[in-house]
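# A look at the structure
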Amino acid sequence: MSFLIAVAGKGGIGKTTIAGLIVRNLKRRGKVPILAVDADSNVNLAETIGFQQGKTVGAVREEFSSHMRNMPPGMGKETLLELKLNEAMMEGEGLDILAMGRGEGPGCYCPVNNMMRRFLEVLIKNYPFVVIDNEAGMEHLSRRILQRIDALLIVSDPTPKGIRTAGRIRALTEELELSVGGSYFVINRIEGDLDPIIETEMEKEGFTSFYGIPMDRLIHDYDLSLRPLTDLPEESVALKAVDEILDEVIQS
Ligand SMILES: Nc1ncnc2c1ncn2[C@@H]1O[C@H](COP(=O)(O)OP(=O)(O)OP(=O)(O)O)[C@@H](O)[C@H]1O
Ligand SMILES: [Mg+2]
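Here the residue numbering is sequential within each chain, running from 1 through the sequence in written order. Chain letters and ligand numbers both follow the written order, the letters beginning at A and the numbers at 1. With the structure being a predicted model, the display of local features is reserved for residues of pLDDT at least 70 and the display and counting of side-chain atom pairs for 80 or more, all residues being used for whole-chain, interface and lining totals. As a rule here, side-chain values come from all non-hydrogen atoms in the structure, and water together with hydrogens is ignored.

Our next topic: the pattern of salt bridges. In the sections that follow, a salt bridge refers to a side-chain nitrogen of Lys or Arg positioned within 4 Å of a carboxyl oxygen of Asp or Glu. Inspection of the entire model under this criterion finds 13 salt bridges. With a shortest N-O distance of 3.0 Å, Arg-28 and Glu-234 are connected by a salt bridge. Residue Arg-28 is found in helix α1 (residues 15-28), and its partner Glu-234 is found in the loop between α9 (217-224) and α10 (237-251); the two are separated by 206 residues along the sequence. Buried, partly exposed and exposed residues are distinguished by accessible area as a fraction of the type maximum, computed with a 1.4 Å probe on protein chains only: under 20%, between the cut-offs, and over 50%, respectively. Residue classification places Arg-28 among the partly exposed positions, given a relative accessible area of 46%. Through salt bridges with shared partners, a single network forms among Arg-24, Arg-28, Arg-29, Glu-234, Asp-243 and Asp-247. Put simply, DSSP H or I for four residues or longer makes a helix, DSSP E for two residues or longer makes a strand, and each gets a number counted from the N terminus.

This is the structure in structure tokens:
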């Protein structure tokens, strides 16, 4: 049975960074093969973990949809789509990546989406760990591409707006009645002590505790020089913090 870890939060909060650090830590723990899913239409998870971005699932779906309209009935559409979707898989050692790309446009050919959902369900079964980098709008969660999440990391920064957005995301997952095994509230880019204003805001949103990730100069520098997080040295404080979060997530 695969264990699905999803990272959510408002734009620019550190979702891709955290998803990348989780992938790196899982690899070091030998929890392979890992499937990393970039569910943000503005794809960049692959590059963050040292891959070159290839074709997205969205691009494959579009090619296939236009092709499918002209296909005579009785052809093995599902098999053909599966073959085509394999073109979107980026394969590495102990780690594969799938980038979802753009969602379907107004001309959506919905049977393709249903086929895609089935393809993902089957694919996921091949991996003991699946890490999903969500987009800020939570579109994929809303569209229920995923039926369940074992661990949902809701990421905020130490600002009242970040905490309120985190509260809204948690409410959305409850509204959608998504099956979430464990929910983990994470505050990223912490510098020094938390301001009492933030603690009050957390209380208001009903967050009783949090997992902290410090502001890490190394992460910033790697981002600036476009170096993948897979090259980050072990002394990175953010990496250590993510490691501790994973200890809890995995044992749960
Ligand atoms: N703990 C940290 N310390 C220092 N810099 C960080 C930390 N976490 C994230 N960053 C930096 O913050 C910026 C935004 O991070 P990231 O791209 O991971 O956010 P995101 O939530 O995925 O954004 P988007 O919503 O645009 O996809 C990046 O420049 C990243 O390097
Ligand atoms: Mg991102």
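With that settled, the discussion passes to the sheet that holds strand β8 (residues 211-214). For two strands to be treated as a pair, DSSP must find at least two bridges joining them. Spatial ordering of the open sheet is given by β3-β4-β2-β5-β1-β6-β7-β8, a layout of eight strands whose pairing is mixed. This sheet does not close on itself; its edge strands, each paired only once, are β3 (89-92) and β8. Recorded for the sheet is a direction-independent mean angle of 20 degrees between the axes of neighbouring strands. As paired elements, strand β7 (residues 179-190) and β8 share three bridges and run parallel to each other. Its bridge partner lying in β8, Val-186 is registered against Tyr-211. The contact rule is simple, with two residues in contact once any of their heavy atoms fall within 4.5 Å. Inter-axis angles, ranging from 0 to 180 degrees, are taken between N-to-C directions of lines fitted to C-alpha atoms, where helices are fitted over the stretch in contact. Across the face of the sheet, helix α7 (residues 160-175) comes into contact with β1 (3-9), β6 (148-156) and β7 while running at roughly 165 degrees to β6.

Any functional reading would require information beyond the geometric quantities listed.
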